[in-house]
Amino acid sequence: MFNFFRKSGPKSLKWHVSDALKRKVAIGHFNISNIDGFWAVVNASKKIGVPVIIGVSEGERDFVGVAQVRSLVDSVKAEGAPVFLNADHTYSFERVKEVVDAGYDSVIFDGTERSFEDNVALTKKCVRYAKAKDKNILVEAEIGFIGKSSKVLEGIPEGVRIGEEFLTKPEEALRFVKETGVDMLAPAVGNIHGMLKGGVDPALNIKRIKDISDAVKIPLVLHGGSGNSAEDFKAAIDAGVAIIHVNTELRVAYKNALEATLRNSPGEVAPYKLEKPVVEAIQKVVEEKLMIFNKL
Ligand code: 13P
């Protein structure tokens, strides 16, 4: 396993994304909030022998530390591990600038709650700044609102509509990509942020993914991966998805494992002992997803 890391360590995220696209697999993107999540993702990546992206939303990276999470990822990168760091959903130019300056491997500007024109204008500004600073950084943007929270949902999030007529249209995706110069695009294709209670989300619209991919000819990123089926993931990858985001399922694994371990060890006070089963529970979910995304 470690040979794999030594061989592919120095390659950039850009290289890994185009390699994934070529090989018709996807890189797993997993959000973390603390060191438990960090080790769960890194351990799973090492065990399965595939690259991964660690994602931190604005809230997650404020909690871990914008620079500190960069140092954590650098520490395993220094060992040759293909582990990359993405600034997930970033809502302002100022916060994009912050992570570009901190040396993140990729950043997502999320202007989905703005008008199409404002989203284009701000995305363009972010792309210009990021590329001037670091030619290897990948900038992703989104069109189509799919909700905002990685949580267990009672129903489809407010403001999200998954009927075919509300999904991202190939022609608007093409216009957006041409005008902004983004490296990757996250469309609304039936996916939702968060996971419906019961664990099964609506099916993805694979044909729409393919039509958007054929139109824009850049890698697509699938957000809201919790609750989707293995079949849908594989079909989405074949249709042009190169990165898949998962968060809610990891948060649920974290909470369930933490509750169980606290219940089962009333006399234990050492956090590293209490949290070992928590890391293992998150890692199990990450490993399962990596097997699917890499068609192993
Ligand atoms: P889920 O919480 O639905 O897995 O979505 C995660 C995500 O897309 C983070 O960007």
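**Some details on the packing of helix 3 (residues 35–48) against helix 5 (residues 66–77)**
- Interaxial distance between helix 3 and helix 5 falls to 12 Å at its minimum, and their mutual angle equals 25 degrees. If you check the angle between helix 3 and helix 5, you find them roughly parallel. Pair helix 3 / helix 5 crosses with right-handed handedness. Facing Ile35, Phe38, Trp39 and Val42 of helix 3, the residues of helix 5 in contact are Leu72, Val73 and Val76.

**A look at the site of the ligand**
- Around the ligand sit 15 residues in total, of which Asp88, Ser150, Gly224, Ser226 and Thr248 are the nearest.
- The contact in question runs from an oxygen atom of the ligand to an N or O atom on the backbone of Gly194, over 2.9 Å.
- Separating an oxygen atom of the ligand from a side-chain N or O atom of His223 is a distance of 3.2 Å.
- When isolated, the ligand has an accessible area of 300 Å², and the protein chains bury 99% of it.
- For the shell around the ligand, the elements supplying multiple residues, two or more each, are strand 3 (83–90) and strand 10 (241–246).
- Along the lines of polarity and charge, the residues of the shell around the ligand split into two nonpolar, 12 polar and one charged.

**Topic: helix 9 (residues 206–216)**
- All buried positions along helix 9 are accounted for by Arg208, Ile209, Ile212, Ser213 and Val216. Burial along helix 9 is one-sided: seen end-on, the buried residues are contained in an arc of 135 degrees.
- The inward-facing, buried residues of helix 9 abut helix 8 (170–180), strand 7 (184–187), strand 9 (220–222), helix 10 (230–238) and strand 10.
- If you check the start of helix 9, you find a side-chain oxygen 3.4 Å away from the backbone N of Lys207, and it comes from Asn205.
- Two residues or fewer after helix 9 comes Lys217, characterised by a positive phi angle close to 55 degrees.

**Remarks on helix 5**
- Under the 1.5 Å per step criterion, the end-to-end length of helix 5 is 17 Å for 12 residues, consistent within 8% with the ideal 16 Å.
- All buried positions along helix 5 are accounted for by Val66, Val69, Arg70, Val73 and Val76. Looking straight down helix 5, one finds that the buried residues subtend no more than 125 degrees of arc, so they occupy a single side.

**Some remarks on the nonpolar core**
- With 70 residues, the main nonpolar core has Phe30, Ile54 and Leu185 as its most contacted residues.
- The greatest single-element share of this core, amounting to eight residues, is contributed by helix 13 (residues 276–293).
- Here Phe30 is in contact with Val41, Val52, Ile53, Ile54, Gly55, Val246, Leu250, Val286, Lys289, Leu290 and Phe293, once residues within four sequence places are set aside.
- Within the second largest apolar cluster, 13 residues are counted, among which are Ala20, Val25, Ile27 and Ile53.

**Considering the pattern of salt bridges**
- Counted according to the given criterion, the structure contains 23 salt bridges.
- Where Arg23 meets Asp19, a salt bridge forms, and the shortest distance between an N and an O atom there is 3.0 Å. Here the residue Arg23 and the residue Asp19 both occupy positions in helix 2 (residues 13–23), the gap between them amounting to four residues, near one helical turn.
- Looking at Asp19, the relative accessible area reads 15%, which means it is buried.
- Of the charged contacts in the structure, one is a salt bridge between Lys97 and Asp101, with a shortest N-O distance of 3.3 Å. Of this pair, Lys97 and Asp101 both sit in helix 6 (residues 93–101), four residues apart, which is roughly one turn of that helix.
- What emerges from the salt-bridge pattern is a single network uniting Arg70, Asp74, Lys77 and Asp105.

**Remarks on the pairing of strand 4 (residues 106–109)**
- Alternating residues of strand 4 divide into Ser106 and Ile108 and Val107 and Phe109, and every residue in both groups is buried.
- Here strand 3 pairs with strand 4 via three bridges, running parallel. Across the sheet, the residue bridging to Asn86 is Ser106, located in strand 4.
- Considered for its hand, the β-α-β crossover made up of strand 3, helix 6 and strand 4 is right-handed.
- Bridge count for strand 4 against strand 5 (residues 138–143) is four bridges, and the pairing is parallel. Considered in strand 5, the bridge of Val107 is made with Val139.
- Following the backbone out of strand 4, through helix 7 (residues 116–133) and into the adjacent parallel strand 5, one traces a crossover that is right-handed.

**Some points on the side chain of Arg95**
- Positionally, Arg95 belongs in helix 6.
- A distance of 2.8 Å separates polar atoms of two side chains, one belonging to Arg95 and the other to Asp62.
- Not counting chain neighbours up to four residues away, the residues in contact with Arg95 comprise Glu58, Arg61, Asp62, Val66 and Thr90.

Analysis parameters
- Positions within a chain are numbered from 1, following the residues in the order the chain's sequence is written.
- Residue-level local features of this predicted model are given only where pLDDT is at least 70; pairs of side-chain atoms are given and counted only at 80 or more, and the full residue set underlies all totals for whole chains, interfaces and linings.
- Side-chain descriptors were evaluated using all non-hydrogen atoms of the structure, hydrogens and water having been removed beforehand.
- Only C-alpha atoms enter the line fits that serve as axes; for helices the fit covers just the stretch in contact. Angles between N-to-C directions range over 0 to 180 degrees.
- Put simply, DSSP H or I for four residues or longer makes a helix, DSSP E for two residues or longer makes a strand, and each gets a number counted from the N terminus.
- Here the word oblique covers every angle except those under 35 degrees (roughly parallel), over 145 (roughly antiparallel) and from 65 to 115 (roughly perpendicular).
- The crossing is said to be left-handed when, going from far helix to near helix, the turn is anticlockwise and less than a right angle, and right-handed when the turn is clockwise.
- Any two residues whose heavy atoms approach within 4.5 Å at even a single point are treated as in contact.
- A single heavy atom is enough: if one lies within 4 Å of a molecule or strand, its residue is considered near that molecule or strand.
- Polar contacts, as counted here, are pairs of nitrogen or oxygen atoms within 3.5 Å of one another; within protein the pair requires one atom able to donate a hydrogen and one able to accept it, and residues that are adjacent in sequence qualify only if both atoms are side-chain atoms.
- Here, Shrake-Rupley sampling with a 1.4 Å probe gives the accessible areas, and only protein chains in the shown set may cover a residue.
- Under the scheme applied here, ten amino acids are nonpolar (Ala, Val, Leu, Ile, Met, Phe, Trp, Tyr, Cys and Pro), four are charged (Asp, Glu, Lys and Arg), and all others, including Gly, are polar.
- Using a 1.4 Å probe on the protein chains alone, a residue whose accessible area is under 20% of its type maximum counts as buried, one over 50% counts as exposed, and one in between counts as partly exposed.
- By definition, the arc is the one covered by directions from the helix axis to the C-beta atoms.
- The span expected for a helix works out to 1.5 Å for each residue beyond the first.
- Remark: nonpolar core denotes a set of buried residues (Ala, Val, Leu, Ile, Met, Phe, Trp, Tyr, Cys) joined through side-chain atoms within 4.5 Å.
- Basic side-chain nitrogens of Lys or Arg form a salt bridge, by our definition, when they fall within 4 Å of a carboxyl oxygen of Asp or Glu.
- Here, any two strands with at least 2 DSSP bridges between them count as paired.
- A right-handed crossover is one whose linking path, passing over the helix from the first strand to the second, runs clockwise when the strands point away from the viewer.

Keep in mind these numbers describe shape, not what the thing actually does.
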